[in-house]
Structure formats: structure tokens, C-alpha cells
Amino acid sequence: MKKKIAALVMAAFSAAGFLAASPASAATEGQFPPYGCDSNRYGVLFGEAISTTCFSLPRYSETYRVVAHCASGASLWFTVGHWVPIGFGPSTAECHGGLLANAYVAGYHVEDF
């Protein structure tokens, strides 16, 4: 009986580890910042965030924001940061997950206005 319970507990832990893994297919887009920008990834509670500061963009624009491509298990979604003027403070987007499945920044892009 103890062996069956131990096997059941180990199966639950391995299933939770499988669900918490980031999918490899989501990590193909937006790994590097655009020209004139600098980005930084950092951890938050149950997730990850990206902070991007731009001093110039390829097209003329006055404001920009970062859009994070979030992933957690088989779920994918977008999180947008605040609009920020060029050359001032970073635009930050955070990906928050759950207790058993942390969220990760699988990629990102910068929108300009």
C-alpha cells in the first residue's frame, strides 16, 4: 500500500513539473531587442517580467510599449506594458502564472506610436 501511495505522489510531482515547463515552440519570436533599445528580464512572484528602454526606434515615433509573449504549460497569451516616451523610463510587462505552473516570457516585441 505504501508503494502505491509513493508511486501516486511521484506521478503527481512529475505531472506538475511537466506542466510548469515552458514550451520550446514559443521561444522563437522576439529574443533580442530592436535597434536602439535595451531589455532586461527579471523574476516576479510565480512568473517573469521584461523591462525595455528605447532611445531610438527604426521608424519615427514619440512613444513605445513592450508586449510580452507569455507561456505557462500549454497556455500562451500577451501582456502589454504602459506607453512611455522615447528616452524616458522603461516599459514593463509581467507574466504571472499559478502556484504549480509558473509563467515565462517566451518572447516579446516593441510597439511604437
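Residues numbered from 1 in each chain as written. Predicted model: local features only at pLDDT ≥ 70, side-chain atom pairs only at ≥ 80, totals over all residues. Heavy atoms only, no water.

It is worth spelling out the side chain of Ser-72 at this point. When you line up the elements, Ser-72 lands in strand 3 (residues 63-72). The exposure class assigned to Ser-72 is buried, which follows from its relative accessible area of 11%. A distance of 3.2 Å separates a polar atom in the side chain of Ser-72 from the backbone oxygen of Ala-101. (Helix = DSSP H or I, 4+ residues; strand = E, 2+ residues; numbered from the N terminus. Buried < 20%, exposed > 50% of the residue type's maximum accessible area, 1.4 Å probe, protein only. Polar contact = N/O pair within 3.5 Å; in protein donor to acceptor, adjacent residues only side chain to side chain.)

Turning our eyes to something else, we now look at unusual backbone geometry. Its identity is not glycine, yet Phe-46 carries a phi of approximately 60°, on the positive side. Looking at the element boundaries, Phe-46 is found in the loop between strand 1 (37-44) and strand 2 (47-54). Overall, Phe-46 belongs to the partly exposed group, its relative accessible area being 33%.

Just distances and angles here, no functional claims.
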